[in-house]
Amino acid sequence: MLDLKQISMTFNEGTPDEKRALRHIDLQLDKGEFVTVIGGNGAGKSTLMNIISGNLIADVGTIAVDGEQVNQLREFQRSRYIGRVFQDPMAGTAPSMTIEENLAIAYSRNKKRNIRLGVTKKRRELFREYLQTLNLGLENRLTAKVGLLSGGERQALSLLMATFTEPNILLLDEHTAALDPARAELITKLTIDIVEKFELTTLMVTHNMQQALDMGNRLIMMDAGQIIFDVSGEEKSALTIDRLLGEFQRIRGRQLASDQTVLG
């Protein structure tokens with residue numbers, strides 16, 4: 001479903017600030033795979049997500065979604081295939097628009113645009129049905145401005161908007177990191193439920209190692225713009241944080257910065 005070949009990216013090339021963000025990344029995700037991505041600051045995780053989504057264009061390499069190359073497509077064009085939820089609950093929605101208006105925009109993402117009304121009676125009922133699955137009461141607040149929602153409510157809405165059109169690829173970019181523990185737990189549970197319900201092919205970046213171990217069926221570790229460790233199935237299920245840190249030290253010959261953010 002997702003095929004990255006020899007993806008490389010360098011920022012400020014040829015200057016004293018040159019930084020090689022990604023180095024010859026090869027990554028393939030099968031349909032329905034849920035892959036978590038971990039690594040320290042500067043490992044290349046966010047750059048990888050931005051290149052897949054089209055926010056950045058790689059210097060070298062190819063990207064295919066469900067067999068179709070998307071290298072030259074801009075971000076809004078790739079949104080037909082890709083749903084994304086950001087770390088910041090304020091991103092991914094239009095705060096001055098209502099809940100139903102935001103949902104109408106997301107609903108039209110992979111459909112031919114026309115001049116018909118975005119919010120119809122039929123769509124409003126559909127939106128209510130989807131919102132009810134969040135168990136937050138948002139189905140009774142369709143005309144409320146999104147800017148009035150709490151961070152957790154807004155992130156739940158962003159998750160729904162990114163997924164209810166069943167995209168080929170779902171990108172989760174540290175989407176629980178800015179939330180308090182209770183709301184982070186809520187969004188984590190919603191994520192698992194939605195991904196399983198729609199069998200979405202998912203790539204999730206997180207700084208929280210325990211979250212990376214608990215979620216998904218595959219885990220990759222990045223460092224200095226490279227994928228240095230890739231594990232799935234029963235081998236992933238048997239992993240612990242200590243073993244992950246040990247793998248990093250074995251591969252890199254040094255310790256991964258084990259601050260509270262990384263350890264979760």
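This section reports on the structure supplied with the text. Keep in mind that this is a model prediction, so the values were computed, not measured.

### Structural notes on the layout of surface pockets
By volume, the largest pocket amounts to about 530 Å³. Forming the boundary of the largest pocket are 21 residues, of which Ser79, Ile82, Arg84, Gly92 and Arg109 lie nearest the centre. Mapped onto the lining of the largest pocket, the elements with two or more residues apiece are helix 2 (75-78), strand 6 (82-85), helix 3 (99-107) and helix 5 (151-163). Within the lining of the largest pocket, the residues separate by chemical class into eight nonpolar, seven polar and six charged.

### Side note on the nonpolar core
Formed by 34 residues in total, the largest nonpolar core has its most connected members in Ile99, Leu103, Leu131, Leu134, Leu157, Leu160 and Phe164. For this core, the elements supplying multiple residues, two or more each, are helix 3, helix 4 (121-132), helix 5, strand 7 (169-173) and helix 6 (181-198). Discounting chain neighbours no more than four positions away, the residues touching Leu157 are Thr93, Ile99, Leu103, Leu131, Leu134, Val146 and Leu149.

### Things to note about the sheet that holds strand 4 (residues 60-65)
Strand pairing within a sheet occurs via backbone hydrogen bonds; the two strands may be parallel or antiparallel. Taken in spatial order, the four strands line up as 2-1-4-5 in an open sheet, and their pairing is antiparallel. Strands with a single pairing partner mark the edges of an open sheet, and in this sheet they are strand 2 (19-29) and strand 5 (68-69). Relative to strand 5, strand 4 is paired through two bridges, and the arrangement is antiparallel. Within strand 5, the position partnered with Val65 by the bridge is Glu68. Contacts from helix 1 (residues 45-53) reach strand 1 (2-11), strand 2 and strand 4, with the element oriented near 120 degrees to strand 1.

### So, the pairing of strand 4
Regular strands show a simple pattern: their side chains alternate between the two faces of the sheet. Bridge analysis of strand 1 against strand 4 gives five bridges, and the strand direction is antiparallel. Pairing of Leu2 across the sheet is with Val65, part of strand 4. Counting the residues in the hairpin turn of strand 4 and strand 5 gives two residues, including Asp66, whose phi is positive at 50 degrees.

### A word on unusual backbone geometry
The phi dihedral of Gln6 is positive, around 55 degrees, even though this residue is not glycine. If you trace the backbone, Gln6 turns up in strand 1.

### A short note on the environment of Ser237
With respect to the secondary-structure elements, Ser237 resides in helix 8 (residues 233-237). Taking the C-alpha atoms as reference, Ser237 lies 9.7 Å from Met215; in sequence the two are 22 residues apart.

### Description of the packing of helix 3 against helix 4
Packing of helix 3 against helix 4 brings their axes to within 10 Å, and their N-to-C directions diverge by 100 degrees. Between helix 3 and helix 4, the angle falls in the class roughly perpendicular. Contact residues: helix 3 offers Ile99, Glu100, Leu103, Ala104 and Tyr107, while helix 4 offers Arg123, Arg124, Leu126, Phe127 and Leu131. Its residues assigned to classes, the contact of helix 3 with helix 4 comprises seven nonpolar, no polar and three charged.

Cut-off values and rules
Residues numbered from 1 in each chain as written. Predicted model: local features only at pLDDT ≥ 70, side-chain atom pairs only at ≥ 80, totals over all residues. Heavy atoms only, no water. 1 Å grid on protein atoms, 1.4 Å probe; cavity = no way out; pocket = protein on both sides within 12 Å on 5 of 7 lines; lining within 4 Å. Points joined across faces, edges and corners; volume = space filled by probe spheres on them. Helix = DSSP H or I, 4+ residues; strand = E, 2+ residues; numbered from the N terminus. Nonpolar A, V, L, I, M, F, W, Y, C, P; charged D, E, K, R; others polar. Core = buried A, V, L, I, M, F, W, Y, C linked by side-chain atoms within 4.5 Å. Buried < 20%, exposed > 50% of the residue type's maximum accessible area, 1.4 Å probe, protein only. Contact = heavy atoms within 4.5 Å. Pairing = 2+ DSSP bridges. Axes fitted to C-alpha atoms, helices over the stretch in contact; angles between N-to-C directions. Parallel < 35°, antiparallel > 145°, perpendicular 65-115°, else oblique.

Just distances and angles here, no functional claims.
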